[in-house]
Amino acid sequence: MLSRPVLLCPVCRQDLQAVHEGGTGRIRALACRERHSFDAARQGYFNMLVGKGTAFEPDTAEMVAARTAFLDAGHYRPLADALARAAAPALNGPAPTILDSGTGTGHYLRAVLDYLESAHADGAAIPAVADGVAAVGLDISKFALRRAAKLNPEAINLVGDVWQPLPLPDAAVDVITVVFAPRNAAEFARVLKPSGRLIVVTPRAGHLGEIASQAGMLGIDPAKDERLAEALAGRFSALSTQDIDVDLSLSREDVANIALMGPAGHHMDRAALIGRLAGLPPTTGVSARFRISVFVPSENRAA
């Protein structure tokens, strides 16, 4: 069972209340007392972009389709399972809340929710499930949110820009997960509880190195860990890290999908990419290398 999180109006910062469709229980809108209202899209997500929207380029429908196909094939399942195990211990208080920032298609949030349900069914001591955990998925792409709302209908799925004030109250969130997505340290520190956890997944050196060049993918910044620590400094302290290595056997179609689903996909043509990959064997051995970094709020958070 999941509960609804407390959300704030992105216009006036008043509490948003759910407006239900009569007799269905479905939320048709979120509205505040100042009469700002955000209707549910037909697919079930809510668009929280206001004003001029965002200056950032959201993932396209083709990029989202590629991500869905690749993740649904189970290639990154070991990462999703490890992320769920890392998140679960911090979701053991009364009515906890998880924010999946940059949720994309909702794949990793689904893994966390399924893990909690499974642990509860097995009798594990995770009272969060019985009490009701509130889940929020945030992404800038409406195409991704269409998939996320279908995969995680019990969550509140929001189109929003992580670089704008998050539509959540201060100290309201127990866990923030960020998988290959931007990180707004100031806003994360604001909405996270003092006992909360920020869990960040990043690629490590050598990630997909066997295909990166031929597939036109962006390289891994060798100073990625240093830049992450610098961005979070003053607001978060490192608690733990876990490296995940996954040996993959990818078809040419898999390689095309993994290239298109990332940042380079904004500038790729699928037909041209398939042509470039014609020289690959039917299957290619590829190493996926991830790092799961867990952070806690610093005692003296930067303003």
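Here the structure is shown first, and the text comes after it.
Residues numbered from 1 in each chain as written. Predicted model: local features only at pLDDT ≥ 70, side-chain atom pairs only at ≥ 80, totals over all residues. Heavy atoms only, no water.

Moving on to the overall build of the protein. Secondary structure summary: the protein contains nine helices and 12 strands in total. For 303 residues, the compact-globule estimate of 2.2 N^0.38 gives 19 Å, and the protein sits close to it at 19 Å. Dimensions along the principal axes, computed over C-alpha positions, put the protein at roughly 60 × 40 × 40 Å. The buried share of the protein, reckoned over its 303 residues, is 50%. Residue pairs in contact within the protein that sit at least 24 positions apart in sequence constitute 69% of those at least 6 positions apart. In the structure as shown, the protein presents an accessible area of about 13800 Å², 52% of it carried by carbon and sulfur atoms. Charge-centre separation for the protein: the mean point of 30 positive side chains lies 4 Å from the mean point of 32 negative side chains. (Helix = DSSP H or I, 4+ residues; strand = E, 2+ residues; numbered from the N terminus. Rg over C-alpha atoms; globule rule 2.2 N^0.38 Å. Buried < 20%, exposed > 50% of the residue type's maximum accessible area, 1.4 Å probe, protein only. Contact = heavy atoms within 4.5 Å. Areas by Shrake-Rupley, 256 points an atom, 1.4 Å probe, with all protein chains shown as cover. Lys, Arg positive; Asp, Glu negative; His and termini not counted. Charge placed at Lys NZ, Arg CZ, Asp CG, Glu CD.)

Taken as a whole and judged by the stated rule, the model has 13 salt bridges. For R26, the salt bridge is made with E21, and the minimal N-O distance between the two is 3.0 Å. Note that E253 is salt-bridged to R270, the shortest N-O span being 2.5 Å. Of this pair, E253 sits in helix α8 (residues 252-260) while R270 sits in helix α9 (residues 270-276), and the two are 17 residues apart along the sequence. Given the relative accessible area of 21%, R270 is considered partly exposed. Each of R204, D225, D243, D245 and R291 takes part in a single network of salt bridges with overlapping partners. (Salt bridge = Lys/Arg side-chain N within 4 Å of Asp/Glu carboxyl O.)

This brings us to the sheet that holds strand β2 (residues 17-20). In spatial order, the strands read β2-β3-β4; together these three strands make up an open sheet with antiparallel pairing. Only two strands of the sheet have a single neighbouring strand rather than two, namely β2 and β4 (37-39). Averaged over all neighbouring strand pairs, the angle between strand axes comes to 30°, with direction disregarded. In terms of strand pairing, strand β3 (residues 27-31) meets β4 through three bridges, oriented antiparallel. Bridge pairing links A29 to D39 in β4. (Pairing = 2+ DSSP bridges. Axes fitted to C-alpha atoms, helices over the stretch in contact; angles between N-to-C directions.)

On to the packing of aromatic side chains. In the structure shown here, the tally under the stated rule is three aromatic pairs. A centroid spacing of 5.1 Å and a plane angle of 80° characterise the contact between F70 and Y76, whose relative ring orientation is edge-to-face. A single burial state applies to F70 and to Y76, both of which are buried. On the basis of an interplanar angle of 80° and a centroid distance of 4.9 Å, the ring pair of Y76 and F290 is categorised as edge-to-face. With Y76 in the loop between α1 (61-72) and α2 (77-87) and F290 in strand β12 (residues 283-297), this pair connects stretches of sequence that are 214 residues apart. Judged on exposure class, the residue Y76 and its partner F290 are both buried. An aromatic cluster is present here, built from F70, Y76, F180 and F290 joined pairwise through their rings. (Phe/Tyr/Trp six-rings, centres within 6.5 Å; stacked < 30°, edge-to-face > 60°.)

Our focus in this paragraph is the pairing of strand β10 (residues 192-203). Two strands pair when backbone bridges link them, and strand β9 (residues 173-179) and β10 are joined in this way by six bridges, in the parallel orientation. Bridge assignment links I176 to a residue of β10, and that residue is L198. Of the strand pairs in this sheet, β10 and β12 are connected by six bridges, and their pairing is antiparallel. Across the sheet, T202 pairs through a bridge with R291, a residue of β12.

Turning to the packing of α1 against helix α5 (residues 142-151), a few remarks are in order. At a closest axis distance of 8 Å, the pairing of α1 and α5 adopts a crossing angle of 35°. Residues A61, V64, A65 and T68 of α1 touch α5, and the partners they reach there are F143, A144 and R147. Along the lines of polarity and charge, the residues of the contact of α1 with α5 split into five nonpolar, one polar and one charged. (Nonpolar A, V, L, I, M, F, W, Y, C, P; charged D, E, K, R; others polar.)

This next bit is on the environment of I211. Looking at the element boundaries, I211 is found in the loop between β10 and α7 (224-232). Overall, I211 belongs to the buried group, its relative accessible area being 1%. Considering only alpha carbons, one finds I211 and D15, 196 residues apart in sequence, at a separation of 48 Å. For I211, the residues in contact, after removing those within four places along its chain, are M217, L250, V255, I258, T284 and V286.

What follows is about the side chain of R67. Following the sequence through the fold, R67 ends up in helix α1. Each residue touching R67, except ones within four places of it in the same chain, is listed here: D59, T105 and M261.

The subject of this paragraph is the state of the cysteines. Disulfide: a covalent bond connecting the sulfur atoms of a pair of cysteines. Within the structure shown, the criterion is met by zero disulfides. A disulfide-free cysteine, C9 has its sulfur positioned 3.8 Å from the sulfur of C12, the nearest such atom. Unpaired in terms of disulfides, C12 finds its nearest cysteine sulfur in C32, a separation of 3.6 Å. Look at C12 and you get partly exposed, because its relative accessible area is 24%. (Disulfide = S-S within 2.5 Å.)

Taken by themselves, the reported measurements are silent on function.
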